[in-house]
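# Survey of secondary and tertiary structure
Residue strings, one per chain:
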Amino acid sequence: MLFLNQDNEIYIQDMKEQLDKAVSAYAGELAGLRAGRANPRLLDKLMVEYYGSMTPVNQMANIMCPDPRTIVISPWDASAIKDIIKAIQASDLGLNPSEDGKVVRLSLPILTEERRKELVKTVKKMCEERKVGMRNLRRDCIDEYRKLKKDSKITENELEVAEKEIQKILDNATDKIDAMTKDKENELMEV
């Protein structure tokens, strides 16, 4: 920042950190969205009841994708296979697991064009929701600087500089979100 002292920059730094977290979280959400191609991240949110507690499947098994349409789950404890299958069937993944006593296989069906278009709409909605949250962060940050101005802790010029810096940071984060969304849309529409 050009005119703001370090004490006053804390709001911008805080906003920057929150935007970085929002972008990272969005990337994780997109990775967990099924695109017709096998991806171990599809199972990131899958919780399995294991010895009386809910455990993420990726903490109790190796997850591999030997080909673009198959996910193989190799649990470290073979007795957990039935629990993993039960968790997959109860989830909203819409996949039919098969097992051979040592591993669980998930075959991903080819997505229909209609389903791909639905997923693209979902991605666009997720993107817009994330952007709304980011704009709310901008508003809150600018409000803090307006309070400082009202309390005569910063000048009008410093407020203007802060607003421009905040907008620049938001635009940068929004560009990252838009790029990720475009990449995911292209991936989804790929046959």
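Reference entry: report on the structure contained in this document. (Residues numbered from 1 in each chain as written. Predicted model: local features only at pLDDT ≥ 70, side-chain atom pairs only at ≥ 80, totals over all residues. Heavy atoms only, no water.)

### Some points on the layout of surface pockets
Any space left empty among the atoms is revealed by the rolling of a water-sized probe across them. Taken as a whole, the largest pocket encloses approximately 450 Å³ of empty space. Lining the largest pocket are 16 residues, and of these Gly32, Leu33, Leu42, Asp92 and Leu93 sit closest to its centre. Examining the composition of the lining of the largest pocket, we find that 3 residues originate from one element, helix H3 (residues 113-150), more than from any other. Its residues assigned to classes, the lining of the largest pocket comprises 8 nonpolar, 2 polar and 6 charged. (1 Å grid on protein atoms, 1.4 Å probe; cavity = no way out; pocket = protein on both sides within 12 Å on 5 of 7 lines; lining within 4 Å. Points joined across faces, edges and corners; volume = space filled by probe spheres on them. Helix = DSSP H or I, 4+ residues; strand = E, 2+ residues; numbered from the N terminus. Nonpolar A, V, L, I, M, F, W, Y, C, P; charged D, E, K, R; others polar.)

### Structural notes on the nonpolar core
A general feature of soluble globular proteins is that nonpolar side chains tend to end up buried together. Core analysis: the biggest nonpolar cluster contains 30 residues, and Leu19, Tyr26 and Tyr145 have the highest contact counts within it. Of all the secondary-structure elements, those providing two or more residues to this core are helix H1 (6-31), H3 and helix H4 (156-189). Among the elements that make up this core, the one with the highest residue count is H3 (11 residues). When residues no more than four places from it in sequence are discounted, the contact partners of tyrosine 26 are Val123, Met126, Cys127, Arg130, Ile177, Met180 and Thr181. Counting 23 residues, the second-largest nonpolar core is a separate cluster that includes Leu42, Val48, Ile85 and Leu106. (Core = buried A, V, L, I, M, F, W, Y, C linked by side-chain atoms within 4.5 Å. Buried < 20%, exposed > 50% of the residue type's maximum accessible area, 1.4 Å probe, protein only. Contact = heavy atoms within 4.5 Å.)

### Focus on helix H2 (residues 81-90)
Within H2 the residues assigned to the buried category are Ile81, Ile84, Ile85, Ala87 and Ile88. Taken around the axis of H2, the buried residues stretch over an arc of 160°, which confines them to a single face. In H2, the exposed positions angled more than 90 degrees off the buried face are occupied by Lys82, Lys86, Gln89 and Ala90. If you follow the buried residues of H2, they end up packed against strand S1 (47-50), strand S4 (70-75), strand S5 (97-99) and strand S6 (104-107). (Arc of directions from axis to C-beta.)

### Quick notes on the sheet that holds S6
Reading across the sheet, the 4 strands line up as S3-S4-S6-S5 and stay open at both edges, with antiparallel pairing between neighbours. Only two strands of the sheet have a single partner each, and these edge strands are strand S3 (61-67) and S5. Taking the axes of each pair of neighbouring strands and ignoring which way they run, one obtains an average angle of 25° across the sheet. The pairing of S5 with S6 spans 3 bridges and is antiparallel. (Pairing = 2+ DSSP bridges. Axes fitted to C-alpha atoms, helices over the stretch in contact; angles between N-to-C directions.)

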